[in-house]
Amino acid sequence: MTASYITTTIPYVNARPHLGFALELVQADVLARHRRDHGEQVRFQAGTDDNSLKNVLAAQAAGIGVQEFVDANAAAFIGLAEPLSLSVDDLIRTSSDPRHRAGVERLWRACAASGDLYRRHYEGLYCVGCEQFYTTAELLAGRCPEHDTVPDLVSEENWFFRLSRYAGRLRRLIADDTIRIQPAERRNEVLALIDAGLADFSVSRGVERARGWGIPVPDDPGQVIYVWWDALGNYLTALDYAVGGENLSRWWTDASRRIHLLGKGVLRFHAVYWPAMLLSAGEALPTDIVVHGYLTENGRKISKSAGALGLTGTADPYDLAAQYGTDAVRWWLLREVPRGADADFTADRLVARANDELANGFGNLVNRVVSMIHRYHDGRVPALSASDPAAPALDAPALDAAITNAPGLIAEALADFDFRRATEAVWRIADEANRYVNRARPWDLAKAGDGAELAAVLSRLLRACRAVGEHLRPFLPDAATRITAQCATDASGRLPPPSPVLSRLTPVLKDVSS
Ligand SMILES: [Zn+2]
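Thoughts on unusual backbone geometry
And then number 1: At the junction of Q182 and P183, the peptide bond is cis and its omega measures out at -5 degrees in the coordinates.
And then number 2: Within the secondary structure, P183 sits in the loop between β7 (180–182) and α6 (184–195).
And then number 3: Its identity as a non-glycine residue notwithstanding, R211 has a phi of 55 degrees, on the positive side.
And then number 4: In this structure, R211 sits in the loop between β9 (204–206) and β10 (216–217).
And then number 5: A residue is classified by how much of its surface remains accessible, and R211, at 44% relative accessible area, is partly exposed.
And then number 6: The phi angle at D240 is positive, at roughly 60 degrees, despite the residue not being glycine.

Digging into the pairing of strand β2 (residues 41–48)
And then number 1: Burial analysis of β2 places seven of its eight residues in the buried class, the great majority of the element.
And then number 2: In this view, the connection linking strand β1 (residues 3–7) to its parallel neighbour β2 by way of helix α1 (residues 19–37) has right-handed handedness.
And then number 3: Sheet analysis places β2 next to strand β3 (residues 90–93), joined by four bridges and oriented parallel. Considered in β3, the bridge of G47 is made with I92.

Here's the deal with the pattern of salt bridges
And then number 1: Under the criterion given, the structure shown has 45 salt bridges.
And then number 2: The salt bridge involving D195 is made with R171; its shortest N-O contact spans 2.6 Å. Within this pair, whereas D195 is found in helix α6, its partner R171 is found in helix α5 (residues 167–175), the two being separated by 24 residues in sequence.
And then number 3: Among the residues examined, R171 registers a relative accessible area of 30% and is labelled partly exposed.

Looking at the coordination of the zinc ion
Put simply, a metal with four donors set out as a tetrahedron has ideal angles of 109.5 degrees, and one with six donors set out as an octahedron has ideal angles of 90 or 180 degrees.
And then number 1: Within the protein, the zinc ion binds to C127 (SG), C130 (SG), C144 (SG) and H147 (ND1); these donor distances fall in the range 2.1 to 2.3 Å.
And then number 2: Because the angles between the four donor atoms bound to the zinc ion fall within 96 to 117 degrees, the donor set is best described as tetrahedral.
And then number 3: For the zinc ion, the single-chain donor residues occur in sequence as C-x2-C-x13-C-x2-H.

Criteria and cut-off values
- Residues numbered from 1 in each chain as written.
- Predicted model: local features only at pLDDT ≥ 70, side-chain atom pairs only at ≥ 80, totals over all residues.
- Heavy atoms only, no water.
- Helix = DSSP H or I, 4+ residues; strand = E, 2+ residues; numbered from the N terminus.
- Buried < 20%, exposed > 50% of the residue type's maximum accessible area, 1.4 Å probe, protein only.
- Right-handed = clockwise from strand over helix to strand, strands pointing away.
- Pairing = 2+ DSSP bridges.
- Salt bridge = Lys/Arg side-chain N within 4 Å of Asp/Glu carboxyl O.
- Donors = N, O, S within 2.8 Å, 3.2 Å for Na, K, Ca; no water.
- Tetrahedral: all angles 85-135°; square planar, octahedral: opposite > 155°, others 65-115°.

And the structure:
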């Protein structure tokens, strides 16, 4: 049996989670659910990065202890599993999970044993927001390209990782798709980065600069392990890497797919640093690196720091799920965000999309069909199948094709990590089925007493509703459950009385500044 390990990045917990991270979680959840539905073994892994200097600074600004601060924010990230209906298998927290520190230490020692860690004096420009050094060429007018802030000049003795040694191997592994980076422009970006030359990078900092927070370097307690080294390690430490054993072999070494989902801002860490660390440690490499873009809200990047400054107020995934429902939030993220690209969020778009497709599309279809089966057939599923030659039902080649083709189209689209194309295949069934209702006019058939034709039409429509329930499952697990229940017969052979499976949303215009 194939086994897939699917991970999200572990975000800094310097503030509450925003919708951009919800996107990554929901994408990973869809992949996990779809693979499980197809009989694969899946482990969906997420967590929080507690050991960042950013967290320390945010805690200090808030005037509370670092552990207390990260505990509170980590709970807000981990708690997203419920409002987003995530089927996450495991969550690791890098500051408190006993698996983590021991695993990071083993990873460090493995790279040291390969001769890839050495000490040297270093001076560089460091952005705390990014937790990374920048060369002057990478800055925009002297400022961090991600944060638009002036980086700090850091001068100290650090441990370095011999990244330069792996440039040639990394390039070949990415060029021949041993590590598949999607979309292709991100793959090209990484190849260009490697071609520009890979310098060894600093993987520790003085304990003072780290404010005493983080994982000490093994056998060198004056130094703390660079937070990115520690964070990237979570993909292994969560599998009990410290002690080896079954989880590590099943989900990493012997897994058929090791899939990392991440945002474009952390590509270099996942596509260059991380595989090089794994090569050094003698571990298997990720098979897939899947990169999404950023969400903006009214044209501005949604970020935790922007939220903390009061610049956003509507893009909190908890608030959105509470106000509009889990299905509507997931549907917007899956349906409107283009593959690997940026998208602009507004609550109005979320509501419009949910009303057009969830309420008027799926919801209306299921409700109409179940209501008609009750009205014309006493709630009993018409016995005739659409293909029965005794019932010359109005042909519906487009609807039949939409149903038949959906599983293949969804699988193909998800293999490309194209969630819009995948949801389109489900949407197509409902769209064609609603057209068919209007064309076949079952109410006229009932009036004319054309029982055989009516039964055939209703039977075909119920088949479409059941297909929607089945194929929506990875995308909208909650709605899919309601649709499937609405289309299932009880012991007496009847469908349950019609009740709305997806209702219309009313846009609520909240004053976010109050
Ligand atoms: Zn920055």
